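Residue-level listing of the chains:
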Amino acid sequence: MTDDELPELRASDADRERVSEQLRDALAEGRLDMEEFEERLEATYKARTYGELAPITRDLPGSAAAAPVSMVKQPAETGSWAGRIVGGEGSSAWAVAIMSGFERKGRWTVPRRFNSFAFWGGGEIDLREANFADREVVINCVAIMGGVNVVVPPGVEVVVRGIGIMGGFDHREEGQPGEPGAPRVIVTGFAFWGGVGVERKLTRAERLRIKEERRQDKLERKAARKELQGSGSGSDGNGLGEMFDALDEARDLIRERHEDRRERHEERRERHRERREERHRRRNGGY
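My aim in this report is to walk through the structure given alongside it, one point at a time.

Parameters and conventions
Residues numbered from 1 in each chain as written. Predicted model: local features only at pLDDT ≥ 70, side-chain atom pairs only at ≥ 80, totals over all residues. Heavy atoms only, no water. Helix = DSSP H or I, 4+ residues; strand = E, 2+ residues; numbered from the N terminus. Contact = heavy atoms within 4.5 Å. Areas by Shrake-Rupley, 256 points an atom, 1.4 Å probe, with all protein chains shown as cover. Core = buried A, V, L, I, M, F, W, Y, C linked by side-chain atoms within 4.5 Å. Buried < 20%, exposed > 50% of the residue type's maximum accessible area, 1.4 Å probe, protein only. Pairing = 2+ DSSP bridges. Patch = residues over 30% accessible without salt bridge, like charges linked within 9 Å, V, L, I, M, F, W, Y side chains within 5 Å. Salt bridge = Lys/Arg side-chain N within 4 Å of Asp/Glu carboxyl O. Lys, Arg positive; Asp, Glu negative; His and termini not counted. Charge placed at Lys NZ, Arg CZ, Asp CG, Glu CD.

1. Some remarks on the overall build of the protein
When helices and strands are counted, the protein shows six helices and 13 strands. Here the contacts in the protein between residues at least 6 apart in sequence split such that 67% fall between residues at least 24 apart. With the model as given, the accessible surface of the protein reaches about 16,900 Å², and the carbon-plus-sulfur share is 53%.

Here it is as structure tokens:
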């Protein structure tokens, strides 16, 4: 097969995921800003061929050597969680916010025990893109007139054992069984006039991927109905197809509006949290 033929080859989900991983690395290194990252990530999940994927990382270091789009198919992974249990000591073992804020998010390794402390401040511990030092990790949170929020990905089992005095721990994510091979996250600690929240969220990349899959599914259903209409006769088939199309569009519109509202709410909350932490830092001389 010649190089001219390669760009027309259909890309797989694994190819798109390799490109998205390179984009996340570039974002973490400051080579892309958030707007560029989101634009390229959306283009990645819309790409259907190698020719559409290749330009997305062409200007990033190592793109040629690293071959973000592999022309040789790799065997499918036996389980997505197996590669995230990496052992070791973890890349960060503690975090402190005193009249300020902290966050642990993105690609990092959660140790067997992570300790956090918030006093008149707040922090976020985001495990959605993290690796884990063990199959069971403990997130210990002490919140005194402050708050800590723990974000876990779907599929992870959550156990909450914290104690609250004039404060509390969020137990809403307990009781959901974990996926095979997924880590177990135990949230423990103490809250006094403060709170520790636990929520389960998809990454933005995963939300975009699911949205694109739904769009493709909608197009395929519409094409199948048109094919049935073409093989049938009379106006009744056309009317029935139009009715199904209208129902599909109404359902998709409702779902998209709901998801857009949720995303805007999360973005507003994130901006409020960042502004609050910035005010704390300025008020306390950058600490």
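2. Some words on the nonpolar core
If you look at the biggest cluster of nonpolar residues, it comprises 29 residues, and the most contacted ones within it are Val-110, Ile-125, Leu-127, Ile-139, Cys-141, Val-185 and Val-187. Sorting the residues of this core by element identifies strand S1 (94–98), strand S4 (113–119), strand S7 (136–144), strand S8 (147–152), strand S9 (157–160), strand S12 (184–192) and strand S13 (195–200) as the ones contributing at least two each. When neighbours within four sequence positions are excluded, Ile-125 is seen to be in contact with Phe-102, Arg-104, Trp-108, Phe-114, Ser-116, Ile-139, Cys-141, Val-148, Asn-149, Val-150 and Val-151. Of all hydrophobic cores here, the second largest spans 14 residues; its members include Ala-11, Leu-32, Ala-47 and Ile-56.

3. Digging into the pairing of S13
With respect to burial, S13 is a largely interior element, five of its six residues being buried. Relative to S13, S8 runs parallel, the two sharing six bridges. Pairing of Val-148 across the sheet is with Val-196, part of S13. Judged from the two bridges that link them, strand S11 (residues 168–169) and S13 form a sheet pairing that is parallel. Paired with Gly-168 across the strands is Gly-195, a residue of S13.

4. A look at the side chain of Thr-188
Within the secondary structure, Thr-188 is located in strand S12. Residues contacting Thr-188, with those up to four places away along its chain left out, are Val-138, Ile-139, Asn-140, Cys-141, Arg-161, Gly-162 and Phe-169.

5. Notes on the sheet that holds S13
The strands that make up a sheet pair up through hydrogen bonds in the backbone, lying either parallel or antiparallel. The five strands lie next to each other as S2-S5-S8-S13-S11, forming an open sheet whose pairing is parallel. Each edge of the open sheet is held by one strand with a lone partner, namely strand S2 (101–104) and S11. As paired strands, S2 and strand S5 (residues 122–126) are joined by four bridges and run parallel to one another. Across the sheet, Glu-103 pairs through a bridge with Glu-124, a residue of S5.

6. So, a nonpolar patch on the surface
A cluster of nonpolar side chains, Ile-163, Ile-165, Met-166 and Trp-193, forms an exposed patch at the surface whose accessible area comes to about 450 Å². By secondary structure assignment, the location of Ile-163 is in strand S10 (residues 163–165). Assessed through its relative accessible area of 52%, Ile-163 is described here as exposed.

7. Regarding the pairing of S4
Only one face of S4 is covered, namely the face carrying Phe-114, Ser-116 and Ala-118; the face carrying Arg-113, Asn-115, Phe-117 and Phe-119 is uncovered. Sheet topology note: the S4/S7 ladder contains seven bridges and is parallel. Each residue of the ladder has a partner; that of Phe-117, found in S7, is Val-142.

8. Here's the deal with a negative patch on the surface
Taken together, Asp-33, Glu-35, Glu-36 and Glu-39 make up a surface patch of like negative charges. Checked against the element boundaries, Asp-33 lands in the loop between helix H1 (13–28) and helix H2 (34–46).

9. Thoughts on unusual backbone geometry
Phi at Met-145 takes a positive value of approximately 50°, unusual for a residue other than glycine. Positionally, Met-145 belongs in the loop between S7 and S8. Relative accessible area serves as the criterion here: at 29%, Met-145 is assigned to the partly exposed category. One non-glycine residue, Met-166, adopts positive backbone phi at about 55°. Considering the arrangement of structural elements, one finds Met-166 in the loop between S10 and S11. Residue classification places Met-166 among the exposed positions, given a relative accessible area of 55%.

10. Quick word on the environment of Phe-37
The topology assignment puts Phe-37 in helix H2. For Phe-37, a relative accessible area of 8% gives the class buried. Expressed as a C-alpha distance, the spacing of Phe-37 and Ser-20, which sit 17 residues apart in the sequence, is 9.2 Å. Leave out the neighbours within four places in its chain, and Phe-37 touches Leu-23, Arg-24, Leu-27 and Leu-32.

Keep in mind that these numbers describe shape and distance, not what the molecule does.
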